[in-house]
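The residues making up each chain are set out below.
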Amino acid sequence: GHGHVTFAKAESVGKAVEMNGQDMMGRWVKVKAVRTSDKPDGCKTVFVGGLPFDIDEDALRSFFGPCGAISVIRWGEDKNTGDFK
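Parameters at a glance
- Residues numbered from 1 in each chain as written.
- Predicted model: local features only at pLDDT ≥ 70, side-chain atom pairs only at ≥ 80, totals over all residues.
- Heavy atoms only, no water.
- Helix = DSSP H or I, 4+ residues; strand = E, 2+ residues; numbered from the N terminus.
- Buried < 20%, exposed > 50% of the residue type's maximum accessible area, 1.4 Å probe, protein only.
- Pairing = 2+ DSSP bridges.
- Axes fitted to C-alpha atoms, helices over the stretch in contact; angles between N-to-C directions.
- Contact = heavy atoms within 4.5 Å.
- Core = buried A, V, L, I, M, F, W, Y, C linked by side-chain atoms within 4.5 Å.
- Phe/Tyr/Trp six-rings, centres within 6.5 Å; stacked < 30°, edge-to-face > 60°.

*Asks:* Teacher, can you tell me more about unusual backbone geometry here?
*Replies:* Trans is the prevailing form of peptide bonds, just as negative phi is the prevailing case for residues other than glycine. Non-glycine residue Met25 carries a positive phi angle of around 55°. Structurally, Met25 can be placed in the loop between strand S2 (23–24) and strand S3 (27–28). Owing to a relative accessible area of 46%, Met25 belongs among the partly exposed residues under this scheme.

*Asks:* Just to check I follow, could you spell out the sheet that holds strand S5 (residues 45–49) for this structure?
*Replies:* Whether parallel or antiparallel, the strands of a sheet pair through hydrogen bonds between backbone atoms. Strand order in the open sheet formed by 4 strands is S4-S5-S1-S6, with antiparallel pairing between adjacent strands. Pairing within the sheet leaves two strands with one partner each, and these edge strands are strand S4 (30–33) and strand S6 (70–75). Strand-to-strand, the axes of this sheet are offset by a mean angle of 20°, without reference to chain direction. Bridging between strand S1 (residues 2–7) and S6 involves 5 bridges; their strand directions are antiparallel. Within S6, the position partnered with Gly3 by the bridge is Trp75. Running over the sheet, helix H2 (residues 57–64) touches S1, S4, S5 and S6 and is turned about 130° from S6.

*Asks:* Even after reading the chapter, I still don't get the nonpolar core, so can you show me in this structure?
*Replies:* Nonpolar side chains in soluble globular proteins tend to be buried together. Counting residues in each nonpolar core, the largest one holds 18 residues, and the members touching the most others are Val5, Phe7, Val46, Val48, Leu60 and Phe64. In terms of residue count, H2 provides more of this core than any other element does, 3 residues in total. Not counting residues within four places of it along the chain, the set of residues in contact with Leu60 comprises Val5, Met24, Leu51, Ile55, Ile70, Ile73 and Trp75.

*Asks:* Quick question: what am I supposed to make of the packing of aromatic side chains here?
*Replies:* For any two aromatic rings, the description comes down to two numbers: the centre-to-centre distance and the angle of the planes. Enumeration according to the criterion identifies 2 aromatic pairs in this entry. Centroid distance Phe7 to Phe64: 6.1 Å. Interplanar angle 80°. Geometry classified as edge-to-face. Of the two residues, Phe7 sits in strand S1 while Phe64 sits in helix H2, which places them 57 residues apart along the sequence. On the numbers, 5.0 Å between centres and 85° between planes, the contact of Phe63 with Phe64 is edge-to-face.

The following block contains the structure:
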């Protein structure tokens, strides 16, 4: 599955990106900074891919906790069913 993690401070993004490729619950996660033309400099959000399908918010907060305070977690969802994808 995948999701987006938004931190309270922009400097947390760099710390989170350094966790790219680490093991989370038996899966290697992909972490990259969100960079699109409509996002301003100082963006505080990272994309996280390769998440286990049985992950919960507490586990994701624990994994990224050393990077800094998390403001929001958004899960990737199927548009038709609303299921985590």
